[in-house]
Amino acid sequence: MLAAILVEQNKPLVVDDISLQTRLDVGQVLVKINYSGICGSQIGEIQGIKGPDKYLPHLLGHEAFGSVLEIGPGVRSVSKDDKVVLHWRKGRGIDASPAVYEWNGRKVNSGQITTFSEMSVISENRLTKIHSSLDPRGLSLLGCAVTTGFGVICNNAKLKIGESLVVLGVGGVGLNIVEAGKLAGAHPIISIDINQERLNFSKRFGADYTISSISKSWIDEVRGLLPKADVVVDCTGIKEIIEAGYELTNSRMILVGVPKENISINSLPLHLGKKLIGSHGGESDPTVDIPRLETLATAGKINLEELVTEEVELKNIQSAIDKMIAGKVVGRCVVRC
Ligand SMILES: [Zn+2]
């Protein structure tokens, strides 16, 4: 089967045939991947943001939609032919060991979930059964972008009706934070980004105001609209943006973007009730959250389909990754596997 392999950091992925070495182990599920999203985390892995990678060569990807081909011993929550969302956060079921693949006589590592391949062996607890016949491309984003965005609002920020929301960076996850904020009754919602197309796009998901961060005056522009925001969420991971965002609230600042360097802040307000919260996928519980979001999408209350703005074939995945690195993707890019 075809797969995109990370062989070396900061090099293009190698798209080639790999094979599975062993039979399915306890808790493992063989899934035909239909669509996989590409997320900032994979860009971080490719660029080596967390340092040297001892698992190279390895597979990548952590949100997808597919169908079950075969289940390993002990698997109870899904069965053959089930439609499933693949997610990186743990849900119900066995936490299986990662599969090992072979490529030209070399061992290729994977994790409990990898999705940039035609088929993949997934741990049972990274799969949630789907019942609707919604667009599979949109459903794939329930694996990370959407669940993270909604989790940030509900679990990390615990946003209340009428609270104000500032979202720094409105890429895939940021858009979902805007949409979740709107659904949760936030007002006003201000989105900030360097990309004007992304800002315009965020209005369709509920942003009341958009401010370009190209000029440093963006901070004053936010203050002009809102002396202090209730909730500020950073999706950029950029030091200057996080530090400025922290000053914009006396209440809650949530960090979602993969941090690129250390930040420097005045910690005194933290003693006086201000909160600085690091989010881990919105602390979402896929087993509970994905069916809820599926229901909302089926009822037309959230729009998954519209989030998908680009589609590439697996063999062309690098072109999409390059576009993401260049900051040119508006919405979310999916890979057809
Ligand atoms: Zn992700």
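Before reading further, recall that the structure is shown in the block above.
1. Observations concerning the overall build of the chain
Moving on, step 1. When helices and strands are tallied, the chain shows 10 helices and 19 strands.
Moving on, step 2. Since a compact globule built from 337 residues should have a radius of gyration of about 20 Å, the 20 Å found for the chain is in line with a globular shape.
Moving on, step 3. Based on the C-alpha atoms only, the size of the chain along its principal axes is roughly 60 × 40 × 35 Å.
Moving on, step 4. Taken over 337 residues, the chain has a buried fraction of 52%.
Moving on, step 5. Taking contacts inside the chain between residues at least 6 apart in sequence as the whole, the part at least 24 apart equals 69%.
Moving on, step 6. Total accessible area on the chain stands at roughly 14,700 Å², and carbon and sulfur atoms take up 51% of it.
Moving on, step 7. For the chain, the distance from the average position of its 37 positive side-chain charges to the average position of its 38 negative side-chain charges is 3 Å.

2. Let's talk about the sheet that holds strand β1 (residues 2–6)
Moving on, step 1. Strands sit in the order β2-β1-β5 across an open sheet of three strands; the sheet is antiparallel. Each of the sheet's edge strands pairs with one partner strand only, and the pair in question is β2 (14–17) and β5 (58–59).
Moving on, step 2. Judged from the four bridges that link them, β1 and β2 form a sheet pairing that is antiparallel. What sits directly across from Ala3, in β2, is Asp16.

3. With respect to the environment of Glu8
Moving on, step 1. Among the structural elements, Glu8 can be located in the loop between β1 and β2.
Moving on, step 2. Given a relative accessible area of 44%, Glu8 falls into the partly exposed group.
Moving on, step 3. Expressed as a C-alpha distance, the spacing of Glu8 and Pro57, which sit 49 residues apart in the sequence, is 7.1 Å.

4. Some thoughts on the pairing of strand β14 (residues 209–212)
Moving on, step 1. The pairing of strand β13 (residues 189–193) with β14 spans four bridges and is classified as parallel. Among the inter-strand pairings, Ser191 is bridged to a residue of β14, identified as Thr210.
Moving on, step 2. In this view, the connection linking β13 to its parallel neighbour β14 by way of helix α5 (residues 196–203) has right-handed handedness.

5. A short note on a nonpolar patch on the surface
Moving on, step 1. Taken together, the side chains of Ile263, Leu270 and Leu276 present a nonpolar region at the surface, about 190 Å² in accessible area.
Moving on, step 2. The topology assignment puts Leu276 in strand β17 (residues 275–278).
Moving on, step 3. Among the residues examined, Leu276 registers a relative accessible area of 32% and is labelled partly exposed.

6. Overview of α5
Moving on, step 1. Considered for burial, the residues of α5 that qualify are Arg198, Leu199, Phe201 and Ser202. Projected onto a plane normal to the axis of α5, the buried residues spread over an arc of 160° and lie on a single side.
Moving on, step 2. In the core, the buried residues of α5 are packed alongside α4 (172–183), β13, β14 and β18 (308–313).
Moving on, step 3. Sitting at the head of α5, Asn195 places a side-chain oxygen 2.8 Å from the backbone nitrogen of Glu197.

Quick notes on the rules
Residues numbered from 1 in each chain as written. Predicted model: local features only at pLDDT ≥ 70, side-chain atom pairs only at ≥ 80, totals over all residues. Heavy atoms only, no water. Helix = DSSP H or I, 4+ residues; strand = E, 2+ residues; numbered from the N terminus. Rg over C-alpha atoms; globule rule 2.2 N^0.38 Å. Buried < 20%, exposed > 50% of the residue type's maximum accessible area, 1.4 Å probe, protein only. Contact = heavy atoms within 4.5 Å. Areas by Shrake-Rupley, 256 points an atom, 1.4 Å probe, with all protein chains shown as cover. Lys, Arg positive; Asp, Glu negative; His and termini not counted. Charge placed at Lys NZ, Arg CZ, Asp CG, Glu CD. Pairing = 2+ DSSP bridges. Right-handed = clockwise from strand over helix to strand, strands pointing away. Patch = residues over 30% accessible without salt bridge, like charges linked within 9 Å, V, L, I, M, F, W, Y side chains within 5 Å. Salt bridge = Lys/Arg side-chain N within 4 Å of Asp/Glu carboxyl O. Arc of directions from axis to C-beta. Polar contact = N/O pair within 3.5 Å; in protein donor to acceptor, adjacent residues only side chain to side chain.

Any functional reading would require information beyond the geometric quantities listed.
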